[in-house]
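# Understanding the architecture of this molecule
The chain contents come next:
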Amino acid sequence: MAAVVEATDQRWRPRKHLWAAVALLIVGGLGVNAIAEWRDTHGVLINSSESLPNWMFVIHKTHVPTRGDYVFFLAPTNPLVVRHFGPEPHLFGKIVYGMPGETVEHRGSAVIVAGRMVGRMKPLTRTGEPLAPGPTGTIPRDCYYVGTPHKDGFDSRYAAIGFACVRNIAGTGFPVL
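Residues numbered from 1 in each chain as written. Predicted model: local features only at pLDDT ≥ 70, side-chain atom pairs only at ≥ 80, totals over all residues. Heavy atoms only, no water.

## Remarks on empty space enclosed by the protein
To find leftover empty space, one rolls a probe the size of a water molecule over the atoms. Basically, it comes down to this: With a 1 Å grid spanning the protein atoms alone, the term cavity applies to any set of points in which a 1.4 Å probe fits but cannot get out, the term pocket to an open set with protein on both sides within 12 Å along at least five of seven lines, and the term lining residue to any residue with an atom within 4 Å of a point. Grid points are joined across faces, edges and corners, and a volume is the space filled by probe spheres set on the points. Runs of H or I in DSSP of at least four residues are treated as helices and runs of E of at least two as strands, each being numbered from the N terminus.
Inspection of every chain in the model, using the stated rule, returns 1 cavity of 30 Å³ or more. As a volume, the largest cavity reaches approximately 50 Å³. If you trace the largest cavity, you find it lined by A75, P76, T77, V81, V82, F85, G86, E88, P89, H90 and F92. Broken down by element, the residue count for the lining of the largest cavity peaks at 3 residues, all from helix α2 (residues 79-85).

## Considerations on the nonpolar core
Test applied: Each nonpolar core is a collection of buried residues, namely Ala, Val, Leu, Ile, Met, Phe, Trp, Tyr and Cys, held together in the definition by side-chain atoms within 4.5 Å. Accessible area is worked out with a 1.4 Å probe on protein chains only. A residue is then buried under 20% of its type maximum, exposed over 50%, and partly exposed in between. It only takes one pair of heavy atoms within 4.5 Å for two residues to be counted as in contact.
Grouped together as the largest cluster of nonpolar side chains are 34 residues, with contacts concentrated most on F73, Y145 and F154. Of all elements in the fold, only β2 (56-60), β3 (70-74), α2, β4 (91-98), β6 (110-113), β9 (143-147) and β10 (164-165) reach the threshold of two or more residues within this core. Setting aside its immediate chain neighbours within four residues, F154 contacts L80, V81, F85, F92, K94, L131, A160 and I161.

## Considering a nonpolar patch on the surface
Here is the rule we go by: Without a salt bridge and with relative accessible area above 30%, a residue can belong to a patch; like charges are then joined within 9 Å and nonpolar side chains (Val, Leu, Ile, Met, Phe, Trp, Tyr) within 5 Å. Every accessible area reported is derived by Shrake-Rupley at a probe size of 1.4 Å, with residue values counting cover from the shown protein chains alone. A carboxyl oxygen of Asp or Glu within 4 Å of a side-chain nitrogen of Lys or Arg is what we treat as a salt bridge.
Together, V44, I46, W55, F174, V176 and L177 make up a nonpolar patch on the protein surface, roughly 600 Å² of accessible area in all. Positionally, L177 belongs in the segment after β11 (169-175). Looking at L177, the relative accessible area reads 47%, which means it is partly exposed.

## What to know about the state of the cysteines
A covalent bond between the sulfur atoms of two cysteines is what we call a disulfide. So the rule is basically this: Note on terminology: pairs of cysteine sulfur atoms within 2.5 Å are recorded as disulfides.
Inspection of every chain in the model, using the stated rule, returns 1 disulfide. Here C143 is linked by a disulfide to C165, with a sulfur-sulfur distance of 2.0 Å. Taking the torsion about the S-S bond as the criterion, the C143 to C165 disulfide, at about 100°, is right-handed. With C143 in strand β9 and C165 in strand β10, the pair connects residues that are 22 residues apart, well separated along the chain. C165 matches C143 in its accessibility class, with the two residues each being buried.

## Section: the layout of surface pockets
In this structure, the largest pocket occupies an estimated 610 Å³ of space. Lining the largest pocket are 28 residues, and of these S49, F85, F92, K94 and F154 lie nearest its centre. The set of elements that each furnish at least two residues to the lining of the largest pocket consists of β1 (42-46), α2 and β4. Top contributing element to the lining of the largest pocket by residue count: β4, with 4 residues.

## Points about the pattern of salt bridges
The tally for this structure, following the rule as stated, stands at 6 salt bridges. Linking E105 and R107 is a salt bridge whose minimum nitrogen-to-oxygen distance equals 3.3 Å. Overall, the relative accessible area of 30% leaves E105 in the partly exposed class. Between D155 and R157 there is a salt bridge, with the nearest N and O atoms lying 2.8 Å from each other. By relative accessible area, which is 4% here, R157 ends up buried. What you see here is one network of salt bridges that share partners, running through K122, K151 and D152.

No statement about biological role is implied by the geometric values presented.
Now the structure itself:
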């Protein structure tokens, strides 16, 4: 009787390996698809600026920004931005302080968004170049007032950056490190 069981076990052993290989291919295929989907909707950004406290972010490319989110957008190309960051477009990372339809006003150097002070403007860059005040009034549809708590943050406080609008937003993010 032992010989019969032994022969039967050996006969089924190759099929077990075949099913294991098929299962491994299916799971591997699902894993590759999941990675490809994640890559299409996410990214990783290394922050080299002092204006945000973290240096690594995972970006979600399809999330609609809400107040308090980190948002990553292409900086406008104007002479001041080009002088400080070069001619190639750069992603800026900031925090959403103002939502579409809210009001931005300046009271002296203070910037008020939706009734809350979100920062102070400086008249000059660290290198002594003049900084024009950013936009005031109602934040347009599909645009956001963005800033940082850093005193030297280059953000919506200044005309050279202005509002971050959907057409230039790469995504929202959360800090990893």
